[in-house]
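# Report on the structure
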Amino acid sequence: MALLEAKGIRKVYRVGAEERAILEGVDLVLREGEIVALLGRSGGGKSTLLRILAGLIPADGGEVYLRGRRVEGPAEGVAMVFQSFALFPWLTVLENVALGLEARGVPKGEREGRARQTIALIGLKGFEEALPKELSGGMRQRVGLARALAVEPEVLFMDEPFSALDPLTAEGLRGDFLDLWQGRQFSTRGVLMVTHNIEEAVALADRALILRGSPARIGWELPIPLPHPRDPADPRFRAQVEAIYEALTEREEIERRLEEELVRLPQASVASLIGLAEAIARLGGRADLPLLAEEESLEVDDLFPLLEALELLGFARVAGGDVELIPFSIVSFFHDGC
Ligand SMILES: Nc1ncnc2c1ncn2[C@@H]1O[C@H](COP(=O)(O)OP(=O)(O)OP(=O)(O)O)[C@@H](O)[C@H]1O
Ligand SMILES: [Mg+2]
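A brief report on the enclosed structure follows. (Residues numbered from 1 in each chain as written. Chains lettered and ligands numbered in written order. Predicted model: local features only at pLDDT ≥ 70, side-chain atom pairs only at ≥ 80, totals over all residues. Heavy atoms only, no water.)

A separate point is the overall build of the chain. If you tally the helices and strands in the chain, you get twelve helices and 13 strands. The globule rule puts the C-alpha radius of gyration for 338 residues at 20 Å, and the 22 Å found for the chain is close to it. When the backbone C-alpha atoms are referred to their principal axes, the chain occupies close to 80 × 40 × 40 Å. Long-range contacts, defined as pairs at least 24 residues apart, comprise 69% of the intrachain contacts of the chain with a sequence gap of at least 6. For the chain, the accessible area works out to roughly 16,600 Å², and carbon and sulfur atoms hold 52% of it. Charged side chains in the chain number 38 positive and 54 negative. The centres of these two groups are separated by 6 Å. (Helix = DSSP H or I, 4+ residues; strand = E, 2+ residues; numbered from the N terminus. Rg over C-alpha atoms; globule rule 2.2 N^0.38 Å. Contact = heavy atoms within 4.5 Å. Areas by Shrake-Rupley, 256 points an atom, 1.4 Å probe, with all protein chains shown as cover. Lys, Arg positive; Asp, Glu negative; His and termini not counted. Charge placed at Lys NZ, Arg CZ, Asp CG, Glu CD.)

Right, let's talk about the site of ligand 1 for a bit. Residues in close proximity to ligand 1 total 13 residues, the closest being Ser42, Gly43, Lys46, Ser47 and Thr48. Within the side chain of Ser42, an N or O atom sits 2.7 Å from an oxygen atom of ligand 1. In the model, an oxygen atom of ligand 1 is placed 2.8 Å from a nitrogen or oxygen of the Gly43 main chain. For ligand 1, whose free accessible area comes to 640 Å², the fraction covered by protein is 63%. Among the secondary structure elements, those contributing two or more residues to the shell around ligand 1 are β1 (2–15), β2 (18–31) and α1 (46–53). With three residues, α1 is the largest single contributor of residues to the shell around ligand 1. Of the residues in the shell around ligand 1, the class split is three nonpolar, six polar and four charged. (Near = heavy atom within 4 Å. Polar contact = N/O pair within 3.5 Å; in protein donor to acceptor, adjacent residues only side chain to side chain. Nonpolar A, V, L, I, M, F, W, Y, C, P; charged D, E, K, R; others polar.)

With that out of the way, let us pick up the packing of aromatic side chains. With the rule as written, the count across this model stands at four aromatic pairs. Residues Phe177 and Phe186 carry aromatic rings whose centres are separated by 5.8 Å and whose planes lie at 35 degrees to one another, so their mutual orientation is tilted. By relative accessible area, Phe186 is classed as buried at 9%. Through pairs of rings, three or more aromatic residues link up here, namely Phe177, Trp181 and Phe186. The ring of Phe162 carries the charged tip of Arg174 above its face, separated from the ring centre by 5.9 Å. Directly above the aromatic system of Trp181 lies the positively charged group of Arg189, at a separation of 5.9 Å from the ring centroid. (Phe/Tyr/Trp six-rings, centres within 6.5 Å; stacked < 30°, edge-to-face > 60°. Buried < 20%, exposed > 50% of the residue type's maximum accessible area, 1.4 Å probe, protein only. Lys NZ or Arg CZ within 6 Å of the ring centre and 35° of its normal.)

Sheet topology places strand β11 (residues 286–288) next to strand β13 (residues 322–325); three bridges connect them, and they run antiparallel. Across the sheet, residue Ala287 finds its bridge partner in β13, namely Val323. The sheet contact formed by strand β12 (residues 316–319) and β13 spans four bridges and is antiparallel. Residue Arg317 lies in a different strand from β13, and its bridge partner there is Glu324. (Pairing = 2+ DSSP bridges.)

A separate point is the environment of Arg317. With respect to the helices and strands, the residue Arg317 is situated in strand β12. Note on Arg317: relative accessible area 41%, which makes it partly exposed. Note: C-alpha distance between Arg317 and Leu289 (28 residues apart in sequence) is 12 Å.

All quantities given are derived from atomic positions and should not be read as evidence of function.
Below, the structure written as structure tokens:
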């Protein structure tokens, strides 16, 4: 049976008199024993979807079921880890972790023991009495993780849990998380994780889902059947990364948006557009997207708006996980009298 199932989720945000549909007809299943990565463009509705699935905000249509029980309001059996840690600065590590237990009505006597156990599990033994400000970013996110795990959730939602950490710290925490998960050291039976880091999705997930369109729905699904430990240098790993890049930059998507919406140029400075075009030129006029991101030290969230702007301006074309400069585009740009 599905651990978590969403059917036909619709969400509309109202800003003043204006209504904007963010999600439409989102169907998704999280099965027992799975880590699923959720990807999509920035502002596409990933966090909104996660909050709806966790019962933190209501949907405007559709249903969510947790082990067959309808989710209406904050769901028992689920917990969320946020990108920004979301710790209370005036509470100690122990108090921050115990807070979630208190909210779930765990008796006082039981709370401290369970909080201490989870803190030790997540590698923070000895820091129980520390305040968040005395901890590094990586340690703070461990507290965020401990707070979520302490309530022994069946389903764990993580919204870009590693993105505020430096790459090395993120890798350490990812590795520890995976070890605990594989060793079944906590009760969670399924994880749904939002990430904009494609390598992270391939390193951790059993399946990747991509939110597409506006309003968004699940537009694409990719199984990631690689055995652990996964080696980022393994050609099979690279092929999965490549496939996700390809899906995220699919031609139809940008063409559809051009037809259906008034497309605004993404936020991109002329200098960074020129910088990227030059980098592509240096790579021979055509570049593999994962390679380009690495060469230019760009996160996907920085790279994609630049690529989109280059495409919309007619300077480049993205296809098959590669970007290619369009020859003489600048010449024709002036010829056409623009
Ligand atoms: N409470 C709200 N009221 C109105 N609009 C909102 C609200 N929350 C989010 N939005 C809008 O809904 C859209 C989707 O937001 P959401 O945070 O779900 O996207 P996201 O995919 O998580 O983006 P990111 O990758 O940047 O985190 C955005 O355009 C956002 O501005
Ligand atoms: Mg988000």
